[in-house]
Amino acid sequence: MHLSKLFIPITKSLPSEAKIKSHQLMLRTGMIKQSSAGIYSWLPLGFKVMKKIEQIVREEQNLIGAQEMLMPTIQSSEIWKESGRYDDYGEEMLRIKDRQGREMLYGPTNEELVTDIFRSSIKSYKSLPQLLYHIQWKFRDEIRPRFGVMRCKEFYMKDAYSFDLSDEDAKKSYNKMFYSYLKTFERLGLKAIPMAADTGPIGGDLSHEFVILAETGESQIYADKEIFEIDINKYSYKDESLKKMREDFSNIYAATDEKFNEDKFNKIVKKENQVKTKGIEVGHIFYFGDKYSKPMNCLIDDKSGKKISVKMGSYGIGVSRLVGATIEANYNNDVMKWPKSISPFEVVIIPSLSKNNKENFEKSEKIYKELKKQNIDVLLDDVDENMSNKFKKHDLIGVPYQIIIGSKSGNDKFEFKELNEKSEVLSLDQIKTKLKT
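Numbering of residues starts from 1 in every chain and runs along the sequence as written. Given that the model is predicted, a residue must reach a pLDDT of at least 70 before its local features are reported, and side-chain atom pairs must reach 80 or more before they are shown or counted; all residues, however, enter totals for whole chains, interfaces and linings. With hydrogens and water set aside, each side-chain value is computed from the structure's full complement of heavy atoms.

1. Brief notes about the overall build of the protein
Piece 1. A run of DSSP states H or I qualifies as a helix once it reaches four residues; a run of E qualifies as a strand once it reaches two. Both are numbered from the N-terminal end. Counting its secondary structure elements, the protein contains 11 helices and 21 strands.
Piece 2. Each principal axis of the C-alpha distribution contributes one length, and for the protein these read about 85 × 60 × 40 Å.
Piece 3. Going through the 437 residues of the protein one by one, you find that 54% of them count as buried.
Piece 4. When contacts within the protein are restricted to residue pairs at least 6 apart in sequence, long-range pairs at least 24 apart make up 71% of them.
Piece 5. About 20,700 Å² of surface is accessible on the protein, with carbon and sulfur atoms providing 46% of the total. Think of it in three bands: residues with accessible area under 20% of the maximum for their type are buried, residues over 50% are exposed, and the middle band is partly exposed, with areas taken using a 1.4 Å probe on protein chains only. Throughout, a residue-residue contact means that at least one pair of heavy atoms, one from each residue, lies within 4.5 Å. Reported accessibility uses the Shrake-Rupley method at a 1.4 Å probe radius. Residues are deemed covered only where the shown protein chains occlude them.

2. Topic: the pattern of salt bridges
Piece 1. Every case where a carboxyl oxygen of Asp or Glu lies within 4 Å of a side-chain nitrogen of Lys or Arg is listed as a salt bridge. Here the structure, examined in full by the defined rule, presents 29 salt bridges.
Piece 2. Among the ionic pairs, Glu 59 bridges to Arg 187, the shortest N-O distance being 2.7 Å. Of this pair, Glu 59 sits in helix H2 (residues 44-63) while Arg 187 sits in helix H5 (residues 167-187), and the two are 128 residues apart along the sequence.
Piece 3. For Glu 359, the salt bridge goes to Lys 363, with nearest N and O atoms at 3.6 Å. In this pair, Glu 359 and Lys 363 both sit in helix H9 (residues 359-373), four residues apart, roughly one turn of the helix.
Piece 4. Judged by relative accessible area, which is 48%, Glu 359 ranks as partly exposed.
Piece 5. With a relative accessible area of 24%, Lys 363 lands in the partly exposed category.

3. Some points on the packing of aromatic side chains
Piece 1. Classification of ring pairs uses Phe, Tyr and Trp, with its six-membered ring standing for Trp, and accepts pairs whose centres are within 6.5 Å; under 30 degrees between planes counts as stacked, over 60 as edge-to-face, and the remaining range as tilted. Under the definition given, this model contains 17 aromatic pairs.
Piece 2. Taken together, a centroid distance of 6.1 Å and an interplanar angle of 40° make the contact between Phe 185 and Phe 210 tilted. With Phe 185 in helix H5 and Phe 210 in strand S10 (residues 206-213), this residue pair connects regions lying 25 residues apart in the sequence.
Piece 3. Centre to centre, the rings of Phe 288 and Tyr 292 are 4.9 Å apart; their planes meet at 75°, and the pair counts as edge-to-face.
Piece 4. The class for Phe 288 is buried, based on a relative accessible area of 6%.
Piece 5. Counted as over-ring charges are cases with an Arg CZ or a Lys NZ within 6 Å of the ring centre that also lie within 35 degrees of the ring normal. For Arg 95, the ring lying beneath its charged end belongs to Tyr 86, and the centroid distance is 4.8 Å.

4. Some details on the sheet that holds strand S6 (residues 103-106)
Piece 1. Strand order in this open sheet of three strands is S4-S6-S5, and the pairing throughout is antiparallel. Sheet topology places strand S4 (74-76) and strand S5 (94-97) at the edges, where each strand pairs with a single neighbour. The mean angle between the axes of side-by-side strands here comes to 40°, regardless of whether they run parallel or antiparallel.
Piece 2. Strands are treated as partners if at least two bridges between them are detected by DSSP. Two elements, S5 and S6, share four bridges in a ladder whose sense is antiparallel. By the bridge assignment for S6, Ile 96 is matched with Met 104. To obtain an axis, a line is fitted to C-alpha atoms, over the contacting stretch when the element is a helix, and the angle between two such axes runs from 0 to 180 degrees between their N-to-C directions.

5. Focus on the nonpolar core
Piece 1. In this text, buried Ala, Val, Leu, Ile, Met, Phe, Trp, Tyr and Cys residues form a nonpolar core when linked through side-chain atoms within 4.5 Å. Ranked by size, the top nonpolar core spans 85 residues in total, and within it Ile 53, Phe 185, Phe 210, Ile 227 and Val 323 carry the most contacts.
Piece 2. The biggest single contributor to this core is H5, with eight residues.
Piece 3. Contact partners of Ile 227, with chain neighbours within four places excluded, come to Ile 193, Pro 194, Phe 249, Ile 252 and Ala 254.
Piece 4. Counting 24 residues, the second largest nonpolar core, distinct from the first, contains Met 71, Tyr 161, Phe 163 and Phe 286.

6. A word on the packing of helix H1 (residues 21-28) against helix H8 (residues 319-330)
The description of two packed helices rests on the angle between their axes and on the distance between the axes.
Piece 1. Contact pair H1 / H8: the axes reach a minimum separation of 8 Å and the direction vectors enclose 110°. Between H1 and H8, the angle falls in the class roughly perpendicular. Only Val 323, Gly 324, Ile 327 and Glu 328 of H8 make contact with H1, whose side of the interface consists of Lys 21, Ser 22, Leu 25 and Met 26.
Piece 2. Classifying every residue of the contact of H1 with H8 gives four nonpolar, two polar and two charged. By definition in this entry, angles of less than 35 degrees are roughly parallel, angles greater than 145 are roughly antiparallel, angles of 65 to 115 are roughly perpendicular, and the rest are oblique. Only Asp, Glu, Lys and Arg are considered charged, only Ala, Val, Leu, Ile, Met, Phe, Trp, Tyr, Cys and Pro nonpolar, and every remaining residue, Gly among them, polar.

7. With respect to unusual backbone geometry
Piece 1. Cis geometry is found at the peptide bond from Leu 128 to Pro 129, where omega equals 0°.
Piece 2. With a phi angle near 55°, Asn 333 is a residue other than glycine that sits in the positive phi range.
Piece 3. Assignment of secondary structure puts Asn 333 in the loop between H8 and strand S17 (347-351).
Piece 4. Of note in this structure, Asn 375 is not a glycine but carries a positive phi near 60°.
Piece 5. In this structure, Asn 375 sits in the loop between H9 and strand S18 (378-380).

8. Concerning the environment of Glu 365
Piece 1. Mapped onto the elements of the fold, Glu 365 is located in helix H9.
Piece 2. Sequence separation of Glu 365 and Gly 38 is 327 residues, and the distance between their C-alpha atoms is 41 Å.
Piece 3. With sequence-adjacent residues up to four places away left out, Glu 365 is seen in contact with His 2 and Leu 380.

This is the structure:
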């Protein structure tokens, strides 16, 4: 992509309504545009990052055998009345009526709908376990939407649902998703810590939040620093390994302010190991047994032919929220460096341009075409402005690698730089090798 053709409405001024780093940067670089309070249009740069996050989430879900589907945004109120949540959910639920006067709602979550789908299709234990997921827009009518995409009304989310025969089997599904989330966040370049959490309106008695550390986080975090040092790659998807993994995390103190117990914290965590900071929730998993299957009469035949309520869990990741959370974790001193896995472009070519010197532009075009042949997603800054302004702009956009065509380039070698690192002069083949690793 040539920068001159990219729809990227960059603004020089800091938006007055934006109070946190991610909201400021996403507005300044034209990643989003507010449509109304808490609702945003996702412009090409922001949408590209979000879709890369979505694909990583999808790949990790598929790896554990989860099957993708798509449920609608608008749901019937009847299934919510069956579960007992229609009146209990509160004013965050947007309730509407169609032209026939039927009560509908814009889905804030999908436990009821997926239970209805399951009960109409699966009748025997022989079809279990099942793990279904979709990635879809959700709506919650926040009374005070704020912080850009971090706490908005309309958001893009992956939610998965497990169906099992017994509590024991269901906890195996829970552990599998627990590990999948850790692997997902690792691929996104984020260190997410699982913490025991309240179940809230979802219900149930087993729940974990996945929290990344960030100064602007809404949650206060209390933890033993040893939990940050657990190597998740020593575990595997085998049931015993997954059980051991969750035990290892559970045996080290980590809690948000909702679950924090100061006496317990001071008693079991050495003073030098105590971490008190802020964090952002990026994922949440729940096991709630038959909370929905029982009132909704979602029954299966067990091995003896007896009809029992299926055991369920739900597992959410805020895909659009992760764009903002990644910025909060990486944006510092007016420089944003996207993790390579989700960067809007892999590398940007920044030539020094002038009306009397076309050589640099011709070199840039040649490099651009060669990198495109190698399936490298490259941005060429072909806008005629001084280099100081170019560098400031690309510090904001955050593409992790730069090829600078200027005074240090020559003899088929070019200045290559990773953001926040020293530059080096390399051949194009050397640059391609670095970009491929």
